[in-house]
Amino acid sequence: MNRLRGADEQGSRTHLVLALVSVAALLAGFLAWYGTPSSGEDDGTAPSAGALPADAASGPVTGGRCAPTATLVPPCGAWWGAYVPYAGNGSLKDAVYAFEKKIGRKLDLLYTYHDMSNTELDGQLLTPEEQVLGRDRMLMLAWESTVWREPHHANWTEDQLGWAEVASGAYDREIIDPQARRLKAYGKRVFLSFDQEADARVGDAGTPEEYVAAYRHLHDRFEELGVDNVVWVWTVSGYLANGELFERLYPGDDYVDWIGMDQYNYFTCHDTTDWKDFERSQRPAYEWLRAHIGAGKPLMFAEFSTVPDPADEDRQREWYEEIPEVVRTMPGAKALVHWNRAVPGKGCDLTVDEGPGLEGYRTAGQDDWFKQPVPGR
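Now for a quick tour of the structure. Source: prediction; values computed, not measured.

To continue, consider the overall build of the protein. Scanning the protein from terminus to terminus reveals 11 helices and 10 strands. Taken across its 377 residues, the protein has 56% of its residues classed as buried. In the form shown here, the protein has an accessible surface area of approximately 15300 Å², with 51% of it arising from carbon and sulfur atoms.

Attention shifts here to the packing of helix 5 (residues 172–186) against helix 6 (residues 208–224). It is at 10 Å that the axes of helix 5 and helix 6 come closest, and there the two elements cross at 55 degrees. Relative to helix 6, the element helix 5 is oriented oblique. Seen along the crossing, helix 5 lies across helix 6 with a hand that is right-handed. Along the contact surface, helix 5 presents Asp172, Ile176, Asp177, Ala180 and Leu183, while helix 6 presents His217, Leu218, Arg221 and Phe222. When its residues are assigned to classes, the contact of helix 5 with helix 6 shows five nonpolar, one polar and three charged.

All right, on to the state of the cysteines then. When the sulfur atoms of two cysteines share a covalent bond, that bond is a disulfide. Evaluated as defined, the whole model comprises two disulfides. Note on cysteine connectivity: cysteine 66 is disulfide-linked to cysteine 76, with sulfurs 2.0 Å apart. With the S-S bond torsion at -90 degrees, the cross-link from cysteine 66 to cysteine 76 turns out left-handed. Placement of cysteine 66 in the loop between helix 1 (15–33) and strand 1 (79–83) and of cysteine 76 in the loop between helix 1 and strand 1 is noted, with a sequence separation of 10 residues between them. Across the pair, cysteine 76 and cysteine 66 agree in class, each one buried.

Turning our attention to the pairing of strand 3 (residues 138–143). Across the six residues that make up strand 3, a large majority, six, are buried. Side chains Met138, Met140 and Ala142 project from strand 3 onto one buried face, and the interleaved Leu139, Leu141 and Trp143 project onto a second face that is buried too. Pairing of strand 2 (residues 109–114) with strand 3 involves six bridges; the strand directions are parallel. Residue pairing across strands places leucine 109 opposite methionine 138, the latter belonging to strand 3. Note on the crossover from strand 2 through helix 3 (residues 128–133) to strand 3: the handedness is right-handed. Of the strand pairs in this sheet, strand 3 and strand 6 (residues 190–194) are connected by four bridges, and their pairing is parallel. Residue pairing for strand 6: methionine 140 is matched across the bridge by phenylalanine 191.

The tally for this structure, following the rule as stated, stands at 21 salt bridges. For aspartate 353, the salt bridge goes to lysine 102, with nearest N and O atoms at 3.8 Å. Taken together, the positions of aspartate 353 in the loop between strand 10 (333–339) and helix 11 (355–365) and lysine 102 in helix 2 (residues 92–103) put the pair 251 residues apart, joining distant regions of the chain. For lysine 102, a relative accessible area of 35% puts it in the partly exposed group. Linking arginine 221 and glutamate 224 is a salt bridge whose minimum nitrogen-to-oxygen distance equals 3.2 Å. Within this pair, arginine 221 and its partner glutamate 224 are both found in helix 6, separated by three residues, close to a single helical turn. Assessed through its relative accessible area of 58%, glutamate 224 is described here as exposed. Connected through salt bridges with shared partners, the residues Glu100, Lys106, Asp136 and Arg137 form a single ionic network.

Summarising the element assignment, leucine 72 is placed in the loop between helix 1 and strand 1. The spacing of leucine 72 and valine 231 is 159 residues in sequence and 7.6 Å in space, taken between C-alpha atoms. Not counting residues within four places of it along the chain, the set of residues in contact with leucine 72 comprises Trp79, Met138, Arg189, Phe191, Val231, Trp258 and Pro375.

This part is about the nonpolar core. Counting 108 residues, the largest nonpolar core has Phe191, Phe222 and Trp234 as the members making the most contacts within it. With near-sequence residues (within four places) excluded, tryptophan 234 lies in contact with Tyr211, Tyr215, Phe246, Leu249, Tyr250, Pro251, Val256, Trp258, Ile259, Gly260, Leu289 and Ile293.

So, on to the packing of helix 9 (residues 314–321) against helix 11. Direction vectors running N to C along helix 9 and helix 11 enclose 15 degrees, while the axes themselves pass 7 Å from each other. By the angle between their axes, helix 9 is roughly parallel relative to helix 11. Where helix 9 crosses over helix 11, the two elements pack in a sense that is right-handed. Within the contact between the two elements, helix 9 uses Gln316, Arg317, Tyr320 and Glu321 and helix 11 uses Pro356, Gly357, Glu359, Gly360, Tyr361, Thr363 and Ala364. Looking at the contact of helix 9 with helix 11, its residues break down into four nonpolar, four polar and three charged.

Phi angles above zero are rare outside glycine, and aspartate 195 is one such case at about 45 degrees. Counting through the fold element by element, aspartate 195 comes out in the loop between strand 6 and helix 6. In this model, glutamate 197 sits at a positive phi of 55 degrees, which is unusual for a non-glycine residue. Relative to the assigned elements, glutamate 197 resides in the loop between strand 6 and helix 6.

Reading the values: rules and limits
Residues numbered from 1 in each chain as written. Predicted model: local features only at pLDDT ≥ 70, side-chain atom pairs only at ≥ 80, totals over all residues. Heavy atoms only, no water. Helix = DSSP H or I, 4+ residues; strand = E, 2+ residues; numbered from the N terminus. Buried < 20%, exposed > 50% of the residue type's maximum accessible area, 1.4 Å probe, protein only. Areas by Shrake-Rupley, 256 points an atom, 1.4 Å probe, with all protein chains shown as cover. Axes fitted to C-alpha atoms, helices over the stretch in contact; angles between N-to-C directions. Parallel < 35°, antiparallel > 145°, perpendicular 65-115°, else oblique. Left-handed = near helix turned anticlockwise from the far one by under 90°. Contact = heavy atoms within 4.5 Å. Nonpolar A, V, L, I, M, F, W, Y, C, P; charged D, E, K, R; others polar. Disulfide = S-S within 2.5 Å. Pairing = 2+ DSSP bridges. Right-handed = clockwise from strand over helix to strand, strands pointing away. Salt bridge = Lys/Arg side-chain N within 4 Å of Asp/Glu carboxyl O. Core = buried A, V, L, I, M, F, W, Y, C linked by side-chain atoms within 4.5 Å.

Written out as structure tokens, the structure is:
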């Protein structure tokens, strides 16, 4: 969650049964995409809390020239994703299905956030709803070394565990290992980001060197446990005044598969008069990270969005409409993940739930650049 915004935010089974389960899963995804049932409810095959699906990695292996790489890089375009907050009834599925209906397409990538409380509500990687949604979408899990004081990080309050403690292995047995084993059992590749926007956590969570140690410990611990289906994303804010921090926070090429950045056109959210179009809001950090951190790494706009301009309602639509043309000139940008949540403060609506913003976002998402084959495993 961007921290530089207004508030600085199951034994054996026969092959026949397995086949039937896989077919049911595929049908469930198909029906969900076309809005059946209309409420967005699943077909009853959702895993129970604490369980993992038997068909997690049973989807087809994508082939052809545009098949994604082992680290989920799409050669022929970019992934189209979003962070969508839970619906008012507490359902993530309902929220995602409703959002996809609005934007006229299925998301390639669903971004969700978790703390290290080890609770089913927020501290369990791969919740039952995430497992259902992950059948025909990729999942990106942002894992924070904090314990949130309120469900789903409402009001942005939290307690830090501390990078030095994570690096020491103090949380391995109770927190790290159980979640690592869940990911391994899931089988399907997932993106994982540890403490996204680490530059904004320095001080509260520890030093840059302690962050690197914690990140590497987490990565190495997963490796020791045989978790080979995680694609590692290192994410910073993209706020270039923190460039020196970025360099000190980078865990190293051997530990990072993707580089992520979170950049916005805040405009009124920060009480400024400087409207940054999509290119101005993204290119500077994109180019800096490519030049100074990792030119050979795919880059993810892990969070992006714009507020509307109260004086020009078409401006927000145009901001989104220009994305396909501009992103083609950024060949390293391989995933765009929209932040669809308002943040505290006046003029800080970053959603595309209605109006010109939705129109522009819908148009951008229909571009062929964002129609890449999503892997089934």
